[in-house]
Amino acid sequence: MKDFAAERELVAAACRVLAARGLAPGFLGHVSLRVDPWRLLIRCRGPHERGLAWTTAADVRLVHLDGSTAARGELDGWSVPHELPLHTGILRVRPEVSAVVHAHPEDVVAADLAGLAIRPIVGALDIPGARLAAGGVPVYPRSVLIRTPALAAEMAAVLGDRPVVLLRGHGLTSAARSVPEAVLQALSVDRLARLTLAVASAGGVPRDLPAEDLAELPDLGAGLNTEIAWRHELARLDD
């Protein structure tokens, strides 16, 4: 049976990136990767839990969508997140999605509680972020743990076909075709939230880019937007 060593390390690295960037600085938050229609790898709580910044491949376990162990020994000493349904609820209804990130960026939470939406207020500074925000970032209005299929279905319905949903008073969920994409989407939303708060704190009013500026922003391609950006995030971990 395949051990998914590379995939486990990818999920573990994603957890460390989220911690390093302040989106999951403690021991809460998790990343998952679908490996086939019935199973996923997910960051679990282990016997020597220290937090996301110290996640290793050993903390990433293979489970079925219902949370049961998918191979001998996978959950010996580990427990799946209480919010596993947050991941599986999206994976069940979004077949194009392979990776789900759940994090707790405080600037995102604060901006939403202040009534400040995530909007395309910058352009060339973060082109993927501008495009994401221009499409709208929905908000799930309940500040609860997404720990039941019913709550997960509610959240997934609010997410719809969008890449990111905010969770009021809680955090965010990012869904994508790959782990790097899901993490980078979360980072873009966090950056926009931080800038939005800074503009509002300075007495300004965050304003959307003009339509002609949004239209002028080029698609620089996955090579830059995802591959180089992801290598950069991994390199930062070594600094």
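Data block above holds the structure.
Residues numbered from 1 in each chain as written. Predicted model: local features only at pLDDT ≥ 70, side-chain atom pairs only at ≥ 80, totals over all residues. Heavy atoms only, no water.

Strand order in the open sheet formed by seven strands is β3-β2-β1-β4-β7-β6-β5, and the pairing between neighbours is mixed. Each of the sheet's edge strands pairs with one partner strand only, and the pair in question is β3 (60-64) and β5 (139-140). Both strand β1 (residues 30-36) and strand β2 (residues 39-43) contribute to a ladder of four bridges, which runs antiparallel. Paired with leucine 33 across the two strands is leucine 41, which belongs to β2. Set on the sheet, helix α6 (residues 179-201) makes contact with β1, β4 (99-103), β6 (164-167) and β7 (171-176); between it and β7 the angle comes to about 140°. (Pairing = 2+ DSSP bridges. Helix = DSSP H or I, 4+ residues; strand = E, 2+ residues; numbered from the N terminus. Contact = heavy atoms within 4.5 Å. Axes fitted to C-alpha atoms, helices over the stretch in contact; angles between N-to-C directions.)

Moving on, we get to the nonpolar core. Taken as a class, soluble globular proteins show a tendency for nonpolar side chains to be buried jointly. The biggest cluster of nonpolar side chains holds 44 residues, and the ones touching the most others in it are Val31, Ile118, Leu166, Val179, Val183 and Val189. Top element by residues in this core is α6. It accounts for ten residues. One finds Ile42, Leu91, Tyr140 and Met155 within the second-largest nonpolar core, a separate group that totals 22 residues. (Core = buried A, V, L, I, M, F, W, Y, C linked by side-chain atoms within 4.5 Å. Buried < 20%, exposed > 50% of the residue type's maximum accessible area, 1.4 Å probe, protein only.)

A few words now on the side chain of aspartate 59. Relative to the elements of secondary structure, aspartate 59 occurs in the loop between β2 and β3. Despite being buried, aspartate 59 has no salt bridge partner; arginine 43 is the closest side chain of opposite charge, sitting 4.8 Å away. The residues contacting aspartate 59, other than those within four sequence positions of it, are Ile42, Arg43, Cys44, Trp54 and Trp78. (Lys, Arg positive; Asp, Glu negative; His and termini not counted. Salt bridge = Lys/Arg side-chain N within 4 Å of Asp/Glu carboxyl O.)

A separate point is a nonpolar patch on the surface. Together, Leu220, Leu224 and Ile228 line one region of the surface with nonpolar side chains, adding up to about 250 Å² of accessible area. Along the polypeptide, isoleucine 228 turns up in helix α8 (residues 222-237). For isoleucine 228, a relative accessible area of 40% translates into the label partly exposed. (Patch = residues over 30% accessible without salt bridge, like charges linked within 9 Å, V, L, I, M, F, W, Y side chains within 5 Å. Areas by Shrake-Rupley, 256 points an atom, 1.4 Å probe, with all protein chains shown as cover.)

Any pair of aromatic rings gets described here by the distance separating the centres and the angle formed by the planes. This model, assessed by the stated rule, comprises zero aromatic pairs. Lying across the ring of tryptophan 78, arginine 61 places its NZ or CZ 4.0 Å from the centre. (Phe/Tyr/Trp six-rings, centres within 6.5 Å; stacked < 30°, edge-to-face > 60°. Lys NZ or Arg CZ within 6 Å of the ring centre and 35° of its normal.)

β1 sits mainly inside the fold: six of its seven residues count as buried. When β1 meets β4, the two strands line up antiparallel, connected through four bridges. When the bridges of β4 are listed, valine 31 appears paired with valine 101. Hairpin remark: β1 followed by β2, antiparallel, with two residues in the connecting loop.

Purely geometric stuff here, so don't read any function into it on its own.
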